Amino acid sequence: QLQKIEYFASEETPINVAILLDTSRSTEEVLGKIKNAAKDFIKLLQPNDRAMVVSFDNNVEILSELTSDRKVLEKAIKNAEIGDFAGTVLHDAVYEVVNKKFASVKGRKAMILLTDGKDFGSYVFRNDLIRQVEESDTLIYSIFYETGNI
């Protein structure tokens, strides 16, 4: 049955964002681009928004916890480095943020995934990760970087 819309509003509520940087050896040639994209994204955040920076290669490293401090976030991005060992635990990184870091966070949540999309060495299987993400209330935006066959 048709109903008349009496009131509609768009609210700008703060958002919590995890920025995931692929620092595996396969991204060495594009790491500068990945870092620049992350810095550009930080500039778009509103004053009440919070973000965290996470890198992943053969393990997951939290470079910055959730904060509104842009200088802390920029420093974390600057400090991201290519890992010493081979491996890309992309699935594990997404899983950790969704199920551990964002588990108790209230409000809007999103993840920006800057990667070449390669996963090597994750404990979390792709199908299990997809189920977990579908059940979470986190939006995931993946930005793909073309790399070689490393």
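What comes next concerns the included structure. Since we're looking at a predicted model, the values are computed, not measured.

It is worth spelling out the sheet that holds strand E4 (residues 108–115) at this point. Overall, mixed pairing links the five strands, which are arranged E3-E2-E1-E4-E5 in an open sheet. The open sheet is flanked by strand E3 (60–67) and strand E5 (138–144), the only strands paired with a single partner. Within the sheet, the average angular offset between the axes of one strand and its neighbour, ignoring direction, is 15 degrees. Two strands pair when backbone bridges link them, and strand E2 (residues 50–56) and E3 are joined in this way by five bridges, in the antiparallel orientation. Its bridge partner being in E3, Phe56 is matched across the sheet by Val60.

So, on to the environment of Ile82. For Ile82, the position within the fold is in the loop between helix H2 (70–79) and helix H3 (90–101). According to the relative accessible area criterion, Ile82 is partly exposed, its value standing at 22%. Here the alpha-carbon distance between Ile82 and Leu45, two residues 37 residues apart in the chain, equals 26 Å. Setting aside its immediate chain neighbours within four residues, Ile82 contacts Thr23, Ser24, Arg25, Thr27, Glu28 and Leu31.

A word on helix H1 (residues 31–44). Every α-helical turn comprises 3.6 residues, leaving residues that sit three or four positions apart pointing alike. Helix length check: H1, at 14 residues, gives a terminal C-alpha distance of 20 Å against a target of 20 Å (1.5 Å per residue), a fit within 8%. When H1 is considered as a whole, its buried residues turn out to be Leu31, Ile34, Lys35, Ala38 and Ile42. An end-on view of H1 places all buried positions within 95 degrees of arc, on one side of the element. Opposite its buried face, H1 presents the exposed residues Lys33, Lys43 and Leu44, each directed more than 90 degrees away. If you follow the buried residues of H1, they end up packed against strand E1 (15–22), E2, H2 and E4.

With that out of the way, let us pick up the side chain of Thr115. Within the fold, Thr115 resides in strand E4. What makes Thr115 buried here is its relative accessible area of 2%. For Thr115, the side chain forms a polar contact with the main-chain nitrogen of Gly117, separated by 2.9 Å. When neighbours within four sequence positions are excluded, Thr115 is seen to be in contact with Asp22, Phe56, Leu90, Ser142, Ile143, Phe144 and Tyr145.

The subject of this paragraph is the side chain of Asp22. One can find Asp22 in strand E1. Buried charged residue Asp22 carries no salt bridge. Nearest counter-charge: Lys118, at 8.3 Å. Polar side-chain contacts of Asp22 include one of 2.6 Å to the side chain of Ser24. Discounting chain neighbours no more than four positions away, the residues touching Asp22 are Thr27, Leu31, Ile34, Phe56, Thr88, Leu114, Thr115 and Asp116.

Turning our eyes to something else, we now look at the nonpolar core. One finds Val17, Ile19, Leu21, Ile34, Ile42 and Leu114 to be the most contacted residues of the largest nonpolar core, which totals 20 residues. Among the elements of the structure, E1, H1, E2, H2 and E4 are those that each provide at least two residues to this core. Each residue touching Val17, except ones within four places of it in the same chain, is listed here: Phe41, Leu45, Arg50, Ala51, Met52, Leu66, Phe102, Ala110 and Ile112. Within the second largest apolar cluster, 17 residues are counted, among which are Phe56, Leu90, Ala93 and Val98.

What counts and what doesn't
- Residues numbered from 1 in each chain as written.
- Predicted model: local features only at pLDDT ≥ 70, side-chain atom pairs only at ≥ 80, totals over all residues.
- Heavy atoms only, no water.
- Pairing = 2+ DSSP bridges.
- Helix = DSSP H or I, 4+ residues; strand = E, 2+ residues; numbered from the N terminus.
- Axes fitted to C-alpha atoms, helices over the stretch in contact; angles between N-to-C directions.
- Buried < 20%, exposed > 50% of the residue type's maximum accessible area, 1.4 Å probe, protein only.
- Contact = heavy atoms within 4.5 Å.
- Expected span 1.5 Å × (residues − 1).
- Arc of directions from axis to C-beta.
- Polar contact = N/O pair within 3.5 Å; in protein donor to acceptor, adjacent residues only side chain to side chain.
- Lys, Arg positive; Asp, Glu negative; His and termini not counted.
- Salt bridge = Lys/Arg side-chain N within 4 Å of Asp/Glu carboxyl O.
- Core = buried A, V, L, I, M, F, W, Y, C linked by side-chain atoms within 4.5 Å.

By themselves these figures say nothing about function.
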